[in-house]
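The chain contents come next:
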Amino acid sequence: MRPAAARDPLAEAAPAFELFGTAHIAAVAVVLATPVLLGIAVRKGGERTTRVICAVFATTLLCNEAIHWAYRLATEGANEFVQRHLPLHVCGIAVLALVVLLVFRKRTAFEMVYFWGLAGTANALLTPQIEVGFPDYRFFQFFIAHGGIVAGALFAVFGLGMRPTFASLLRAYGLLAALFAVLLAVNPLLGSNYMFLRAPPQAASPFFFAPWPYYIPVLAAVGFGFFCILLAPFEIAKRVRRAG
């Protein structure tokens with residue numbers, strides 16, 4: 001069962017989120033524009049500019065997460081925080097992996113951010129699990145975190161010059177399967193629903209069309225398919241270069 005959300009008095013006075021409303025579309029547009037602008041900046045500015053951009057990007061993500069955790073603890077309490085807001089969803093882990101990627105340029109972190117972020121978090125941007133809209137703090141927090149993952153994955157490719165491979169795909173999928181196995185044990189202990197393994201999300205999503213638990217293998221297959229789609233442009237480009 002999904003743990004019941006604690007009553008948040010601030011949510012009652014906040015503006016409601018409008019799916020594909022003006023604020024939603026504007027936020028997605030900013031997310032897509034960010035890696036383009038950052039990529040241009042690092043190409044023109046060189047390594048020093050790249051280090052500064054990566055440091056500012058990573059600091060913004062960490063501060064956003066820290067403020068979010070403090071806010072949730074203060075408004076919902078420790079029990080609710082443990083059940084709902086630990087960084088155990090794919091998106092929460094991808095944010096931390098992105099920080100590692102930006103600071104240390106670690107290959108494994110890139111693979112997680114690229115495949116997990118673009119396959120999973122991109123869907124979260126299109127069907128956000130938030131009830132409050134612009135200009136509420138939680139609207140900004142959500143899109144900084146989730147939009148940051150997508151923007152960071154694209155920036156790593158077009159700004160930092162990192163490229164996924166088939167081995168990358170297998171490692172990223174293997175790590176996702178390992179997280180799945182861990183959460184099968186952790187969720188019942190915490191009374192939580194991380195990775196939505198015990199109930200579907202509240203937000204509408206085309207990927208949760210099957211009832212529980214049948215949507216889980218469906219998501220596993222769909223996820224692998226998305227991973228392959230994300231790899232395909234690089235494999236095609238590699239074969240074209242070899243043929244040429």
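So, how was this worked out
- Residues numbered from 1 in each chain as written.
- Predicted model: local features only at pLDDT ≥ 70, side-chain atom pairs only at ≥ 80, totals over all residues.
- Heavy atoms only, no water.
- 1 Å grid on protein atoms, 1.4 Å probe; cavity = no way out; pocket = protein on both sides within 12 Å on 5 of 7 lines; lining within 4 Å.
- Points joined across faces, edges and corners; volume = space filled by probe spheres on them.
- Helix = DSSP H or I, 4+ residues; strand = E, 2+ residues; numbered from the N terminus.
- Nonpolar A, V, L, I, M, F, W, Y, C, P; charged D, E, K, R; others polar.
- Patch = residues over 30% accessible without salt bridge, like charges linked within 9 Å, V, L, I, M, F, W, Y side chains within 5 Å.
- Areas by Shrake-Rupley, 256 points an atom, 1.4 Å probe, with all protein chains shown as cover.
- Salt bridge = Lys/Arg side-chain N within 4 Å of Asp/Glu carboxyl O.
- Lys, Arg positive; Asp, Glu negative; His and termini not counted.
- Charge placed at Lys NZ, Arg CZ, Asp CG, Glu CD.
- Buried < 20%, exposed > 50% of the residue type's maximum accessible area, 1.4 Å probe, protein only.
- Axes fitted to C-alpha atoms, helices over the stretch in contact; angles between N-to-C directions.
- Parallel < 35°, antiparallel > 145°, perpendicular 65-115°, else oblique.
- Left-handed = near helix turned anticlockwise from the far one by under 90°.
- Contact = heavy atoms within 4.5 Å.
- Expected span 1.5 Å × (residues − 1).
- Bend = angle between axes of the 7 residues up to and from the residue.

1. A few points about the layout of surface pockets
Roughly 360 Å³ of volume is contained in the second largest pocket. Around the second largest pocket, the lining comprises 19 residues; the ones closest to its centre are Val30, Val31, Thr34, Phe143 and Ile144. For the lining of the second largest pocket, the elements supplying multiple residues, two or more each, are α2 (22–76) and α6 (137–158). The greatest single-element share of the lining of the second largest pocket, amounting to 12 residues, is contributed by α2. Counted by class, the lining of the second largest pocket contains 15 nonpolar, 4 polar and no charged residues.

2. A word on a positive patch on the surface
Taken together, the side chains of Arg43, Arg163, Arg239, Arg241 and Arg242 define a basic patch exposed on the protein surface. Within the element layout of this structure, Arg241 appears in helix α8 (residues 215–243).

3. Overview of the environment of Ala26
As for its position among the elements, Ala26 is in helix α2. Since its relative accessible area comes to 39%, Ala26 is described here as partly exposed.

4. Some words on the packing of helix α4 (residues 90–104) against α6
Packing of α4 against α6 leaves a shortest axis separation of 9 Å and a crossing angle of 40°. The orientation of α4 with respect to α6, classified from their angle, is oblique. As α4 packs across α6, the resulting crossing turns out to be left-handed. Residues Cys91, Ala94, Val95, Leu98, Leu101 and Leu102 of α4 lie in contact with α6, whose contacting residues are Ala145, His146, Gly148, Ile149, Gly152, Phe155 and Ala156. Class assignment of the residues belonging to the contact of α4 with α6 gives a composition of 10 nonpolar, 3 polar and no charged.

5. Remarks on α8
When the terminal C-alpha atoms of α8 are compared, their 41 Å separation across 29 residues agrees well with the 42 Å that a helix rising 1.5 Å per residue should span. The largest bend in α8 amounts to roughly 40° and is located at Ala232, with the proline Pro233 lying one to four residues further along. Among the residues making up α8, those that are buried are Tyr215, Ile216, Gly223, Phe227, Leu230, Leu231 and Phe234. Of the surrounding elements, those touching the buried residues of α8 are α5 (107–126), α6 and α7 (166–190).

6. Here we look at unusual backbone geometry
Backbone geometry follows two general trends: most residues other than glycine have a negative phi, and most peptide bonds adopt the trans configuration. Phe134 connects to Pro135 through a cis peptide bond whose omega is 5°. A cis amide bond links Trp212 with the next residue in sequence, Pro213, at an omega value of 0°. Topologically, Pro213 is positioned in the loop between α7 and α8. Positive phi is not limited to glycine here, since Phe20 has a value of about 60°. With respect to the helices, strands and loops of the structure, Phe20 is situated in the loop between α1 (9–13) and α2. Of note in this structure, Arg105 is not a glycine but carries a positive phi near 55°. Of note, Arg105 is situated in the loop between α4 and α5. Judged by its relative accessible area of 32%, Arg105 falls in the partly exposed class.

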